[in-house]
Amino acid sequence: EAGVAQSPRYKIIEKRQSVAFWCNPISGHATLYWYQQILGQGPKLLIQFQNNGVVDDSQLPKDRFSAERLKGVDSTLKIQPAKLEDSAVYLCASSPGVAVEAFFGQGTRLTVV
Amino acid sequence: AQRVTQPEKLLSVFKGAPVELKCNYSYSGSPELFWYVQYSRQRLQLLLRHISRESIKGFTADLNKGETSFHLKKPFAQEEDSAMYYCALHTGTASKLTFGTGTRLQVTL
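The rules we used
- Residues numbered from 1 in each chain as written.
- Chains lettered and ligands numbered in written order.
- Predicted model: local features only at pLDDT ≥ 70, side-chain atom pairs only at ≥ 80, totals over all residues.
- Heavy atoms only, no water.
- Contact = heavy atoms within 4.5 Å.
- Buried area = accessible area lost by both parts, 1.4 Å probe.
- Salt bridge = Lys/Arg side-chain N within 4 Å of Asp/Glu carboxyl O.
- Polar contact = N/O pair within 3.5 Å; in protein donor to acceptor, adjacent residues only side chain to side chain.
- Nonpolar A, V, L, I, M, F, W, Y, C, P; charged D, E, K, R; others polar.
- Pairing = 2+ DSSP bridges.
- Helix = DSSP H or I, 4+ residues; strand = E, 2+ residues; numbered from the N terminus.
- Axes fitted to C-alpha atoms, helices over the stretch in contact; angles between N-to-C directions.
- Disulfide = S-S within 2.5 Å.
- Buried < 20%, exposed > 50% of the residue type's maximum accessible area, 1.4 Å probe, protein only.
- Lys, Arg positive; Asp, Glu negative; His and termini not counted.

A.B. asks: I keep staring at the interface of chain B and chain A and nothing clicks. Help me out?
C.D. replies: Accessible area lost when the parts come together is the quantity often used to give the size of an interface. The interface of chain B with chain A comprises 20 residues on the first partner and 23 residues on the second. Of the roughly 1,700 Å² buried between chain B and chain A on both sides combined, carbon and sulfur atoms contribute 49%. Linking chain B to chain A there are two salt bridges. Measuring nitrogen to oxygen at the nearest pair gives 3.8 Å for the salt bridge that ties Arg 49 of chain B to Glu 101 of chain A. Across the chain B-chain A interface, the total number found is seven residue pairs in polar contact (both at pLDDT 80 or more). Counted by class, the side of chain B that touches chain A contains eight nonpolar, seven polar and five charged residues.

A.B. asks: Is there a simple way to explain the sheet that holds strand S3 (residues 19-24) of chain A in this structure?
C.D. replies: Strand pairing in a sheet relies on backbone hydrogen bonds. The paired strands run either parallel or antiparallel. All names here are of chain A. Read from one edge to the other, the open sheet built from four strands follows the order S1-S3-S8-S7, with strand pairing classed as antiparallel. Because the sheet does not close on itself, it has two edges, and the strands there are strand S1 (5-7) and strand S7 (65-69). Taken over all neighbouring pairs, the strand axes of this sheet differ in orientation by 15° on average, direction set aside. With five bridges joining them, S3 and strand S8 (residues 75-79) adopt antiparallel strand pairing. Residue pairing across strands places Trp 22 opposite Thr 76, the latter belonging to S8.

A.B. asks: What exactly am I supposed to notice about the state of the cysteines here?
C.D. replies: Disulfides are covalent bonds that connect the sulfur atoms of two cysteines. Residue and element names in this part refer to chain A. This model, assessed by the stated rule, comprises two disulfides over all chains. Each sulfur of the disulfide joining Cys 23 and Cys 92 lies 1.9 Å from the other. Looking down the S-S bond of the Cys 23 and Cys 92 bridge, the torsion is -70°, so its handedness is left-handed. In this pair, Cys 23 sits in strand S3 while Cys 92 sits in strand S9 (residues 88-95), placing the two residues 69 residues apart along the sequence. In this pair, the class of Cys 23 matches that of Cys 92, namely buried.

A.B. asks: Explain the side chain of Arg 69 of chain A to me, please; I cannot follow it from the model alone.
C.D. replies: All names here are of chain A. Looking at where Arg 69 falls in the secondary structure, it is placed in strand S7. Despite its burial, Arg 69 pairs with no opposite charge; the closest candidate is Asp 74, at 7.3 Å N-O. In this structure the side chain of Arg 69 is engaged in a polar contact, spanning 3.0 Å, whose partner is the backbone oxygen of Gly 72. Once residues within four sequence positions are removed from consideration, Arg 69 is found in contact with Pro 25, His 29, Ala 30, Thr 31, Leu 32, Phe 49, Gln 50, Asn 51, Asn 52, Asp 74 and Ser 75.

A.B. asks: Please clarify how the side chain of Asp 81 of chain B should be interpreted in this entry.
C.D. replies: Residue and element names in this part refer to chain B. Its location among the elements puts Asp 81 in the loop between strand S8 (72-74) and strand S9 (83-91). Reaching out from Asp 81, the side chain makes a polar contact with the backbone nitrogen of Gln 78 at a distance of 2.8 Å. With near-sequence residues (within four places) excluded, Asp 81 lies in contact with Phe 59, Lys 74, Phe 76, Leu 105 and Val 107.

A.B. asks: Explain the pairing of S9 of chain A here, please?
C.D. replies: Regular strands show a simple pattern: their side chains alternate between the two faces of the sheet. Residue and element names in this part refer to chain A. Taken across its eight residues, S9 has eight buried, putting it largely inside the fold. Bridge analysis of strand S4 (residues 31-37) against S9 gives seven bridges, and the strand direction is antiparallel. When the sheet's bridge partners are listed, Gln 37 is paired in S9 with Val 89. Relative to strand S11 (residues 108-112), S9 runs antiparallel, the two sharing three bridges.

Have a look at this one:
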């Protein structure tokens, strides 16, 4: 089966610019996660969707980050405006259900200069 | 709030030596624990889950609720085991997935 697809793979932007990441989960997976992974740290959950509804966004910096999941399938994560500390790998994952395996994409490496 | 702690950033062992990657968690409910692995230039993937009680690539992990631990073990390390290992905790009916900071396992000859 096709895996979780993310684009772009790499992005370099200047601080205060905006950026968007895209994720296409595995077909039929109801749960979609966005994680931020800063170098040397574990993945930190930013937002979790169940179909097209938000289940958890408690760690999403809502003043600059936003995410949506259109029709319960693809998702986009946006940062506006970006800060230097947003430099990280942004991981998307999907899962077919509760407490089962999450499948990860390759991630988008963001560098803010 | 749930938390996962992996105390070692780096664990270096010789080929053939036993391996134990430590993981402790805090959660007031009934936990679902997982180990994920990331090999060089590959995506994060599931290694094993406590509920299945299986051995994958020679690795096992036992959930100890008394010590709130889920340590990953392998009796004889192989070079191909070199990777980043993350312990993860599923909590709640919403299936929130929380990761530890990870341990890099380095297996040398």
